[in-house]
Every structure is written in structure tokens, then in C-alpha cells.
Amino acid sequence: MSTDVLTDRDTGERRRSLGLDAAAREFWRWPSPRIIALLLVPSLAARVAIGGWSAGNTVLAASMVLAQPFVEWVVHIVLLHMRPRHVGRFTLDPLFARKHREHHADPRETRLVFLPTIVVAQLAVVAVLVAWLAFDSTSLGLTFLVTISAIGMAYEWLHYLIHTDYRPKSALYRALWRHHRLHHFKNENYWFAFSSTVPDVILRTTPDPSNVETSPTVRDLLGRDRLPTG
């Protein structure tokens, strides 16, 4: 474990950098990665056991991987940044949106980095149902399960790691690290994807940071702390 002192360029805080091994040990303490692993490991074992990999399997897996950053971009904007909606006496404010607002308020709180446990469990059930009902062969269904659970694991690991004190070493990870931190510490209206910068480039949500004002609501997505009182 590294003990180098680093200064956070976004917050000005001085902290000890974190080694990758220590980060991995902490990662596996949380429920979300374990639930995803319970889906990934058996589905991968079953997929290997039945064999029969075809062009259809390749197209399915490749399509899912290529689509993932764009799905992530849309989900981040439409669902995670969803504001409470009032329908008569009822308020629609899903758990994942509430937790994401908490995550913006305290980006260094590890508990809030991961998807809520109940949400991950529900998504795992939905994935199994889709694999069972939407594909006409066990081969494709298992390929879908393996791919979507691997994507989920990569999503959780990368998002977790970016919010730790692990110091970026590769140019690619450094770019993703900086990209996501701009969303959290500069302006919440840009830099939505974090497994790739491509969607933000194509969809024009990755401006020059020097031309973007620091948002007063980047840590308070509903702007409640800025409402007048009295």
C-alpha cells in the first residue's frame, strides 16, 4: 500500500494515496460487487460448459459492450439526475435518484459510491428474466448474462476506484478519472459518462473546463441550500 501524500486538485485536500491492492480489498467488502459476482460466476461457468460459441454470441456481446457507455450516459442524465416529480398528492422520487443526490453531496463517502443493494438485486433478477425470456437459445441467454454482469462489475469497480485515493497511473485511467471528477467538482451538467469519454464527446457534453463555471449546485443537485428562507 502506497503512503505517498497527494493534493487533490479539485478539493485542495491533502491525503495519503491508496494502493490498488488495498482498494480491491475494500471493494469486495461491499454488497453490490458480491451480488454481481453471484450472477457472473455461475453464468460464466455455465456458458463455458455448454460451449458452442457462434457469430451471434460475438455480435451480442460486442454490441452490449459498445452500447454500454451510451446507455450509461442516458441513465445518468434521465434516471440518476431525475428530479422529484409530483403527481397529485404523490411524489415520484426513486431510491436510485435520492442516493445519487447524496453521492453528489458527499462524493468521498464509499457507501454512496455503489449502487443501492436493493437496486442491484432487482437488476440481477431482471437480467435473469431477460436472459430466460428474450432469447431463443440457452447459449445466447447465458452470453447476455455473462456480458451484462461483467459490464456491471466493471462499472462498479471503475466508479469506486475513481472516488478513492488511488492515484491514476495510466494515461487512459487518468483521463477517465479527471473526466468524472469534473462532473462532481466542476459542473454536474457535463461529463456524464465515465467508463468512456466518447459519448460526451459525440453528444457535446465535454466542454473545455476552463470555459465552464463551477456550478453552485454541483454538490446540491436540487439547489435546496440556495433557496431563500423566511
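For clarity, every value in this text was computed on a predicted model and none was experimentally measured.

A.B. asks: Now, about the overall build of the protein chain: what can you tell me, with residues and values included?
C.D. replies: Broken down by element type, the protein chain carries 8 helices and 4 strands. Secondary structure elements of the protein chain, listed N to C terminal, follow the sequence β-β-α-α-α-β-β-α-α-α-α-α. For 230 residues, the compact-globule estimate of 2.2 N^0.38 gives 17 Å, and the protein chain sits close to it at 19 Å. The contacts in the protein chain between residues at least 6 apart in sequence include a share of 62% that link residues at least 24 apart. On the protein chain, roughly 13,100 Å² of surface is accessible, and the fraction owed to carbon and sulfur atoms is 63%. Here the protein chain carries 26 positive and 20 negative side-chain charges, and the mean point of each set is 1 Å from the other.

A.B. asks: Can you explain the nonpolar core? Please cite residues and give values.
C.D. replies: L158, Y160 and Y173 are the most contacted members of the largest nonpolar core, which has 22 residues in total. Where this core is concerned, the elements lending two or more residues are α1 (20–27), α2 (31–50), α6 (138–162) and α7 (171–185). Here this core gets 6 residues from one element, more than from any other, and that element is α6. Ignoring sequence-local partners within four residues, the contact set of L158 consists of Y173, L176, F194 and S195.

A.B. asks: Mind laying out unusual backbone geometry, listing which residues take part and the relevant values?
C.D. replies: You will see that W191, though not glycine, has its phi angle at about 60°, which is positive. Relative to the elements of secondary structure, W191 occurs in the loop between α7 and α8 (198–202). Judged by relative accessible area, which is 1%, W191 ranks as buried. Phi is positive for R204, close to 60°, though the residue is something other than glycine.

A.B. asks: Describe the environment of E188, naming the residues involved and giving the relevant values.
C.D. replies: Its place among the elements puts E188 in the loop between α7 and α8. Owing to a relative accessible area of 6%, E188 belongs among the buried residues under this scheme. Spatially, the C-alpha atoms of E188 and V146 are 32 Å apart, while their sequence positions differ by 42 residues. Residues within four places of E188 in sequence aside, it is in contact with H81, H104, H183, S215, T217, V218 and L221. Of the polar contacts made by the side chain of E188, one reaches the side chain of T217; its length is 2.5 Å. Separated by 3.5 Å, the side chain of E188 and the backbone nitrogen of V218 make a polar contact.

A.B. asks: Quick rundown of the environment of A105? Include the residues and the values.
C.D. replies: Mapped onto the fold, A105 is located in helix α4 (residues 95–105). Here A105 falls in the partly exposed class, since its relative accessible area comes to 40%. For the pair formed by A105 and L142, sequence separation is 37 residues and the distance between their alpha carbons is 38 Å.

A.B. asks: So what's going on with a nonpolar patch on the surface? Which residues, and what values?
C.D. replies: Taken together, the side chains of F70, V198, V201, I202 and L203 define a hydrophobic patch exposed on the protein surface, amounting to about 420 Å² of accessible area. For the nonpolar patch, the element with the most residues is α8, which contributes 3 residues. Here F70 is to be found in helix α3 (residues 55–80).

A.B. asks: Residue-level account of α2, with values.
C.D. replies: For α2, built from 20 residues, the straight-helix expectation of 28 Å at 1.5 Å per residue is met to within 8% by its first-to-last C-alpha distance of 29 Å. Among the residues of α2, S32, P33, I36, A37, L39, L40, S43 and R47 are the ones counted as buried. Next to the buried residues of α2 lie α1, α3, α5 (117–133) and α6. Backbone geometry just after α2 places G51 at a positive phi near 60°.

Reading the values: rules and limits
- Residues numbered from 1 in each chain as written.
- Predicted model: local features only at pLDDT ≥ 70, side-chain atom pairs only at ≥ 80, totals over all residues.
- Heavy atoms only, no water.
- Helix = DSSP H or I, 4+ residues; strand = E, 2+ residues; numbered from the N terminus.
- Rg over C-alpha atoms; globule rule 2.2 N^0.38 Å.
- Contact = heavy atoms within 4.5 Å.
- Areas by Shrake-Rupley, 256 points an atom, 1.4 Å probe, with all protein chains shown as cover.
- Lys, Arg positive; Asp, Glu negative; His and termini not counted.
- Charge placed at Lys NZ, Arg CZ, Asp CG, Glu CD.
- Core = buried A, V, L, I, M, F, W, Y, C linked by side-chain atoms within 4.5 Å.
- Buried < 20%, exposed > 50% of the residue type's maximum accessible area, 1.4 Å probe, protein only.
- Polar contact = N/O pair within 3.5 Å; in protein donor to acceptor, adjacent residues only side chain to side chain.
- Patch = residues over 30% accessible without salt bridge, like charges linked within 9 Å, V, L, I, M, F, W, Y side chains within 5 Å.
- Salt bridge = Lys/Arg side-chain N within 4 Å of Asp/Glu carboxyl O.
- Expected span 1.5 Å × (residues − 1).

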